Protein chains: 2
Amino acid sequence: MKPAISVITLGVSDMANSVRFYRDGLGLPTRASEKDQIAFFEMKGTMLALFPRHELAVDANISPAGSGFAGITLSHNVSSMKEVDDLISTIRKIGGNVVKVPQETAWGGYGSYFADPDGYLWEVVYNPKWKVDEEGLVIRNTD
Amino acid sequence: MKPAISVITLGVSDMANSVRFYRDGLGLPTRASEKDQIAFFEMKGTMLALFPRHELAVDANISPAGSGFAGITLSHNVSSMKEVDDLISTIRKIGGNVVKVPQETAWGGYGSYFADPDGYLWEVVYNPKWKVDEEGLVIRNTD
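Residues numbered from 1 in each chain as written. Chains lettered and ligands numbered in written order. Predicted model: local features only at pLDDT ≥ 70, side-chain atom pairs only at ≥ 80, totals over all residues.

**A few points about the overall build of chain A**
Along its length, chain A carries three helices and 10 strands. In chain A, the succession of helices and strands from N to C terminus is β-α-β-β-α-β-β-α-β-β-β-β-β. For 143 residues, the compact-globule formula gives about 15 Å, and the C-alpha radius of gyration of chain A, at 16 Å, lands near that figure. When the backbone C-alpha atoms are referred to their principal axes, chain A occupies close to 40 × 40 × 30 Å. Each of the 143 residues in chain A was classed as buried or not, and the buried ones make up 46%. At a minimum sequence separation of 6, the contacts of chain A that also span at least 24 residues come to 48%. (Helix = DSSP H or I, 4+ residues; strand = E, 2+ residues; numbered from the N terminus. Rg over C-alpha atoms; globule rule 2.2 N^0.38 Å. Buried ≥ 20, exposed ≤ 12 C-beta atoms within 10 Å, placed from the backbone. Contact = placed C-beta atoms within 7 Å.)

Rendered as structure tokens:
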């Protein structure tokens, strides 16, 4: 297996609402409209997709039943504490749910979490030990 | 927000078992050992991380309660139907749970799903309309 995740798909309850949140709110690039059955976002590296939750379960041949913490988080690393604060300010403006306000972390970083319309968790985080390249992907110096 | 997911973190119930599954079974590159509190995998694009599920919920400031379908899938795109079959053969050998056997899809592709030790779903898929680059990331020609 090549070391790559090609696409991360979030199973959403309201496609139009989620497309607006990611496209208009967060400004992620996409050719998708609110009416599409699947929406792809042109990310650097791994692509993000939105697809109706029920259909995603059907596609995977499993029960769609499920609730509570998904067990998965997505992190968006930035290059400074200020960038964390600025992005979280944007999240508040677009009606995102900030579930952990920006704060210092036990490991020497600074971060926050917000939930998307379906409750999927995004961490916005500054790790002073990691470099983030121009495309927003991490270059690890140490761990 | 830059269009990039830096890290996807899977909250796992047994770190050592999951590290072995991804590192030894799937062969994903990492410097992590079974005893680490967090394991990072050096992927192209979005990095994969494993972290204890309960601690991940604590980090995000939410309840760890949750069950059933996580609502999220990870896709690993390959360049041929044979590559799908070959990777799924490997999954069977390492004790992975194939939840959807390789088959043609309604949209003209060929794919399969397997579940990792915690039930997180990976799609292994060939989309004849998409090109997969040498690093395993997708170049979309059309949608």
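There's more to say after this.
**Examining the nonpolar core**
Grouped together as the largest cluster of nonpolar side chains are 88 residues, with contacts concentrated most on Leu50 of chain A together with Leu50 of chain B. Leave out the neighbours within four places in its chain, and Leu50 of chain B touches Leu10, Val12, Met15, Ser18, Val19, Tyr22 and Ala39 of chain B. (Core = buried A, V, L, I, M, F, W, Y, C linked by C-beta atoms within 7 Å.)

**Observations concerning the sheet that holds strand E3 (residues 47-52) of chain A**
With mixed pairing, the seven strands of this open sheet are ordered in space as E2(A)-E3(A)-E1(A)-E5(B)-E8(B)-E7(B)-E6(B). Each edge of the open sheet carries a strand with a single partner, namely strand E2 (39-41) of chain A together with strand E6 (97-104) of chain B. Adjacent strand axes in the sheet meet at a mean angle of 20° when their direction is disregarded. For strand E7 (residues 110-115) of chain B and strand E8 (residues 121-126) of chain B, the ladder comprises six bridges, and the chain directions are antiparallel. Pairing of Tyr110 of chain B across the sheet is with Tyr126 of chain B, part of E8 of chain B. Packing against the sheet, helix H1 (residues 15-25) of chain A makes contact with strand E1 (7-12), E2 and E3 of chain A, and its axis sits at approximately 160° to E3 of chain A. (Pairing = 2+ DSSP bridges. Axes fitted to C-alpha atoms, helices over the stretch in contact; angles between N-to-C directions.)

**Things to note about the interface of chain B and chain A**
Counting residues at the interface gives 58 residues for chain B, matched by 57 residues for chain A. When contributions to the side of chain B that touches chain A are tallied by element, the ones reaching two or more residues are strand E1 (7-12), strand E2 (39-41), strand E3 (47-52), helix H2 (53-60), strand E4 (66-68), strand E5 (72-78) and E6 of chain B. The leading source of residues in the side of chain B that touches chain A is E5 of chain B, at six residues. Looking at side-chain class alone, the side of chain B that touches chain A contains 32 nonpolar, 17 polar and nine charged residues. When E1 of chain A meets E5 of chain B, the two strands line up antiparallel, connected through four bridges. The residue of E5 of chain B that forms the bridge with Ile8 of chain A is Leu74 of chain B. (Nonpolar A, V, L, I, M, F, W, Y, C, P; charged D, E, K, R; others polar.)

**Quick word on the domain arrangement of chain A**
All names here are of chain A. Splitting chain A by domain gives domain 1 (7-60) and domain 2 (73-140). Put simply, the middle of domain 1 and the middle of domain 2, counted by C-alpha atoms, are 20 Å apart. With 10 residues of domain 1 in contact, the opposing surface of domain 2 contributes eight residues. Mapped by element, the contributors of at least two residues to the side of domain 1 that touches domain 2 are E1 and H1. Residue contributions to the side of domain 1 that touches domain 2 peak at four residues, all from H1. (Domains from an automatic or database assignment.)

**Some words on the sheet that holds strand E6 (residues 97-104) of chain A**
Spatially, E6(A)-E7(A)-E8(A)-E5(A)-E1(B)-E3(B)-E2(B) is the arrangement adopted by the seven strands of the open sheet, whose pairing is mixed. Strand pairing shows two members of the sheet lacking a second neighbour, E6 of chain A together with E2 of chain B, which therefore form its edges. Recorded for the sheet is a direction-independent mean angle of 20° between the axes of neighbouring strands. Lying over the sheet, H2 of chain B contacts strand E5 (72-78), E6, strand E7 (110-115) and strand E8 (121-126) of chain A together with E1 and E3 of chain B, oriented at roughly 100° with respect to E3 of chain B.

**Thoughts on the pairing of E3 of chain A**
All names here are of chain A. E3 sits mainly inside the fold: five of its six residues count as buried. Across six bridges, E1 lies against E3 in parallel orientation. Looking at E3, one finds that Gly11 is bridged to Phe51. Where E2 lies against E3, three bridges are found, and the strand directions are antiparallel. Bridge pairing in E3 links Phe40 to Ala49.

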